[in-house]
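# A structural walkthrough
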Amino acid sequence: MKSRASMPRAEAGSPPRDARGTAAGVAVPWAVGMTMATVPCSARAAGRVLAAAAARVRISVAELAAAMVAEPRGTPLPALVGRALNQAVRAAQATPDARPGRSVPGLMPSTEDAERALGRFFDARLRLVAAPADEAARRALEDALYTLCVLMAEPTGHAAVVAAVQYTES
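A brief look at the structure comes next. This one's a predicted model, so the numbers in the text were calculated from it and none came from an experiment. (Residues numbered from 1 in each chain as written. Predicted model: local features only at pLDDT ≥ 70, side-chain atom pairs only at ≥ 80, totals over all residues. Heavy atoms only, no water.)

### Some points on the packing of helix H5 (residues 111-130) against helix H7 (residues 157-169)
In plain terms, the rule: Axis definition: a line fit to C-alpha positions, over the contact stretch in the case of helices; interaxial angles, taken between N-to-C directions, run 0 to 180 degrees. The helix and strand labels rest on DSSP assignments: H or I over at least four residues marks a helix, E over at least two residues marks a strand, and numbering proceeds from the N terminus. Every angle not falling under 35 degrees, over 145, or within 65 to 115 is termed oblique; those three ranges are roughly parallel, roughly antiparallel and roughly perpendicular. Left-handed describes a crossing in which the near helix is turned anticlockwise from the far one by less than a right angle; the clockwise case is right-handed. What makes two residues a contact is simply this: any of their non-hydrogen atoms within 4.5 Å. We call Asp, Glu, Lys and Arg charged. Ala, Val, Leu, Ile, Met, Phe, Trp, Tyr, Cys and Pro are nonpolar, and the rest, Gly among them, are polar.
In the contact formed by H5 and H7, the axes pass within 10 Å of each other and the chain directions differ by 135 degrees. The angle between H5 and H7 falls in the class oblique. For the pair H5 and H7, the sense of crossing is left-handed. Seen from H5, the contacting residues are Thr111, Ala114, Glu115, Leu118 and Phe121; seen from H7, they are Val161, Ala164, Val165, Tyr167 and Thr168. Here the residues of the contact of H5 with H7 sort into seven nonpolar, two polar and one charged.

Next comes the structure, spelled out in structure tokens:
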């Protein structure tokens, strides 16, 4: 049995490793967590982003996740996979421009409430980047994104974060 000192250490944002230094069966949850923190989006939306990227290059989500896990360890993503992932992320961040009823904003939150919600979001995002497979970190990010969506009356997490940042800076 190997001692803890001889086991490979995981860096922040890198997937957990076993004694051989291989991914410990958490590639898909790790990829979902990193996608949630990157886009930002919910776990369900992150799964859709990964599925869309995998379908674009005709590989499974597990294969895409394995490639994403290998990247922080020095193995670059294949160019086609990276391009497909970037396209899927951009599509997830795009929001419809013409939404009915958006010409006149309704009640807006106080600047302090928006700043507090943004602070919760950024704290949760840092926590998720440090441990992408951590279920509690995922829930914290989803809760923060939901709060921002409700406060800013936006349908997606990305749009809510952008709106909140613009609102607090004005």
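There is more to say, and it comes next.
### A word on the nonpolar core
Quick note on the threshold: Take the buried Ala, Val, Leu, Ile, Met, Phe, Trp, Tyr and Cys residues and link them wherever side-chain atoms come within 4.5 Å; each set so joined is a nonpolar core. Throughout, exposure labels follow a simple rule: accessible area from a 1.4 Å probe, protein chains only, divided by the maximum for the residue type, with under 20% read as buried, over 50% as exposed, and the rest as partly exposed.
Core analysis: the largest hydrophobic core is formed by 42 residues, its most contacted members being Leu50, Leu64, Met68, Leu85, Phe121, Leu141 and Leu148. Contributing elements (two or more residues each) for this core: helix H1 (27-38), helix H2 (43-56), helix H3 (61-70), helix H4 (79-93), H5, helix H6 (135-152) and H7.

### Side note on the layout of surface pockets
Here is the rule we go by: Within this scheme a cavity is a closed region of a 1 Å grid, computed over the protein atoms alone, that accommodates a 1.4 Å probe without allowing it to escape, whereas a pocket is open but has protein on both sides within 12 Å along at least five of seven lines; lining residues each have an atom within 4 Å of a point. Grid points are joined across faces, edges and corners, and a volume is the space filled by probe spheres set on the points.
Taken as a whole, the largest pocket encloses approximately 240 Å³ of empty space. As for the largest pocket, its lining consists of 16 residues, of which Cys41, Ala45, Arg48, Thr156 and Gly157 are closest to the centre. Of all the secondary-structure elements, those providing two or more residues to the lining of the largest pocket are H2, H4, H6 and H7. The element that contributes the greatest number of residues to the lining of the largest pocket is H2, accounting for three residues. When the residues that make up the lining of the largest pocket are grouped by side-chain class, the tally is eleven nonpolar, four polar and one charged. As a volume, the second largest pocket reaches approximately 210 Å³. Trp30, Met34, Thr35, Thr38, Met68, Glu71, Pro72, Leu77, Gly82, Leu85, Asn86 and Val89 together form the lining of the second largest pocket. Of all the secondary structure elements, the ones that give two or more residues to the lining of the second largest pocket are H1 and H4.

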